[in-house]
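Understanding the architecture of this molecule
As a plain string of letters, each chain reads:
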Amino acid sequence: MSTTIATSPARPGSPARPGSPATTDLRATAASLVTGGRGILAADESPGTMSRRLEGVGVEPTEEHRRAYRELLVTGEGLAGRISGVILCDETLRQQLADGRPFPRALADAGLQAGIKVDTGTTALDGPDDGETLTEGLDGLAERVAEYVALGATFAKWRAVLHLGAGRPSVRALDANAEALARYARVCQDGGLVPIVEPEVLSAGGHRLEVCAAGTARTLATLGRALDAAGVDPAAMVLKPNMVTSGEGSRQPADPYEVARATVDTLRATMRPELAGVAFLSGGQSSETAAANLAAIRRRGGPWPLTFSFGRALVSPALAAWAGDPGRVDAGRSALRREVDRNVPAA
Ligand code: 5MM
């Protein structure tokens, strides 16, 4: 099966517009997030999302339960050799572990970097019935970045959401979200945070892999042009894309070989080789499927480190194993460790 990139690429390889003052420190931080086979744990569900997930395992959705769950995630033994950092939301970044240490301090003590989700969520792009969204959060971003740096964060994350379907993603959705992602990335680099740039093409639907490949190619090509125009230093950022898969409702799911070929080919056609790295989201795939697809993507290879920045594929088993029971914290940690190990290549 061949995959056609139905869009003009972002001229990978041609020089970026000069302008970003990204330093060698930022480039080193970006590289450290994605090298050595290590990945990034996405534990940045906003309070509303986290509360729904707690309720899903029968736990009362209080601030203290959200805090205790995140403490479980970041205090497992041996995480530092396997993950480089943890993305937190604003609430968690300001919370403390039971021993009184702020989360960023506890992460640093464990050899892990603290990341912060700085987008403020999605809004309807053209009205409530439109179905497409724009991610917001640029207002006051420079000031918030300065505060997050002071609180100990070294990197940030912003997630744009693109939908597949008739006429989707629309040019308006692509342009608006790419512009916001690029402005976010530039503000972060100017303020001393490595931006993780997350354009997620959702997997909802029963479509074939080629549909996802075409939508992802258009998304990444638009994003690449916006990043260049904003003067973002590609070597001081991490891209967090979806894998190119068939739709989650597809009757004939693409196998890991097909996913890897389409994913890497799409990335190669659209993104600069100077990127610090690519850390994939899991996008609702099962833990097993996400790990198998990532392993195949790594085998295919690219000019960048290829790793994971999974949320659900890493933490769902841990949340279920813990289920709010203080006596099952170790069971939760073991479940997380198992999923992390599944995605870290053998040395
Ligand atoms: C962990 O969930 C993140 C934030 O969710 P909300 O802001 O919607 O509460 C989310 O951005 C996540 O980091 C990415 O979608 C990747 O997660 P998955 O589960 O797809 O790997």
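Parameters and conventions
- Residues numbered from 1 in each chain as written.
- Predicted model: local features only at pLDDT ≥ 70, side-chain atom pairs only at ≥ 80, totals over all residues.
- Heavy atoms only, no water.
- 1 Å grid on protein atoms, 1.4 Å probe; cavity = no way out; pocket = protein on both sides within 12 Å on 5 of 7 lines; lining within 4 Å.
- Points joined across faces, edges and corners; volume = space filled by probe spheres on them.
- Helix = DSSP H or I, 4+ residues; strand = E, 2+ residues; numbered from the N terminus.
- Buried < 20%, exposed > 50% of the residue type's maximum accessible area, 1.4 Å probe, protein only.
- Pairing = 2+ DSSP bridges.
- Right-handed = clockwise from strand over helix to strand, strands pointing away.
- Core = buried A, V, L, I, M, F, W, Y, C linked by side-chain atoms within 4.5 Å.
- Domains from an automatic or database assignment.
- Contact = heavy atoms within 4.5 Å.
- Near = heavy atom within 4 Å.
- Polar contact = N/O pair within 3.5 Å; in protein donor to acceptor, adjacent residues only side chain to side chain.
- Areas by Shrake-Rupley, 256 points an atom, 1.4 Å probe, with all protein chains shown as cover.
- Sits in = over half its atoms within 2 Å of the grid points.
- Nonpolar A, V, L, I, M, F, W, Y, C, P; charged D, E, K, R; others polar.

Digging into empty space enclosed by the protein
- One pass over the structure, following the stated rule, counts 2 cavities of 30 Å³ or more.
- In this structure, the largest cavity spans a volume of roughly 80 Å³.
- Forming the walls of the largest cavity are 11 residues, and the residues nearest its centre are Gly224, Leu227, Asp228, Met271 and Arg272.
- Per element, the largest residue contribution to the lining of the largest cavity is 3 residues, and it comes from helix H8 (residues 209-229).
- Quantified by volume, the second largest cavity comes out at close to 50 Å³.
- Around the second largest cavity, the lining residues are Ala160, Leu162, Leu174, Asn177, Ala178, Leu181, Pro199, Thr219, Thr222 and Leu223.
- Listed by contribution, the elements that provide at least two residues to the lining of the second largest cavity are strand S6 (153-162), helix H7 (171-191) and H8.

Regarding the pairing of strand S3 (residues 113-117)
- Along S3, 5 of the 5 residues are buried, which leaves the element largely enclosed by surrounding structure.
- Burial along S3 is two-sided: the residues Gln113, Gly115 and Lys117 and Ala114 and Ile116 are all buried.
- Summarising the sheet, strand S2 (residues 83-88) and S3 pair through 4 bridges and their orientation is parallel. Across the sheet, Val86 pairs through a bridge with Ala114, a residue of S3.

A short note on the pairing of strand S7 (residues 194-201)
- Counting buried positions over the 8 residues of S7 gives 8, a clear majority of the element.
- Neither face of S7 is exposed, since Val194, Ile196, Glu198 and Glu200 on one face and Pro195, Val197, Pro199 and Val201 on the opposite face are all buried.
- Both S6 and S7 contribute to a ladder of 8 bridges, which runs parallel. Along S7, the bridge assignment pairs Phe155 with Val194.
- In this view, the connection linking S6 to its parallel neighbour S7 by way of H7 has right-handed handedness.

Observations concerning the nonpolar core
- The biggest cluster of nonpolar side chains holds 86 residues, and the ones touching the most others in it are Leu73 and Tyr184.
- In terms of residue count, H7 provides more of this core than any other element does, 9 residues in total.
- Counting contributing residues per domain, this core is built from domain 1 (35-112 + 311-342) and domain 2 (118-305), each supplying no fewer than three.
- In this view, Leu73 contacts Leu41, Ala43, Leu79, Val315, Ala318 and Leu336; residues no more than four positions away in its chain are not counted.
- Judged by nonpolar contacts, the second largest core, of 14 residues, contains Val34, Ile40, Val194 and Ala276.

A word on the site of the ligand
- Taken together, the neighbourhood of the ligand is formed by 17 residues, with Thr49, Lys117, Lys157, Ser282 and Gly283 sitting nearest.
- Asp44 is positioned such that a nitrogen or oxygen atom in its side chain is 3.2 Å from an oxygen atom of the ligand.
- Within the side chain of Glu198, one N or O atom sits 3.3 Å away from an oxygen atom of the ligand.
- Summarising the interface, the protein chains cover 89% of the accessible area of the ligand, which totals 510 Å² for the free molecule.
- More than half of the atoms belonging to the ligand lie within 2 Å of the grid points that define the largest pocket.
- Elements represented by at least two residues in the shell around the ligand include exactly S6 and S7.
- By residue class, the composition of the shell around the ligand is 3 nonpolar, 5 polar and 9 charged.

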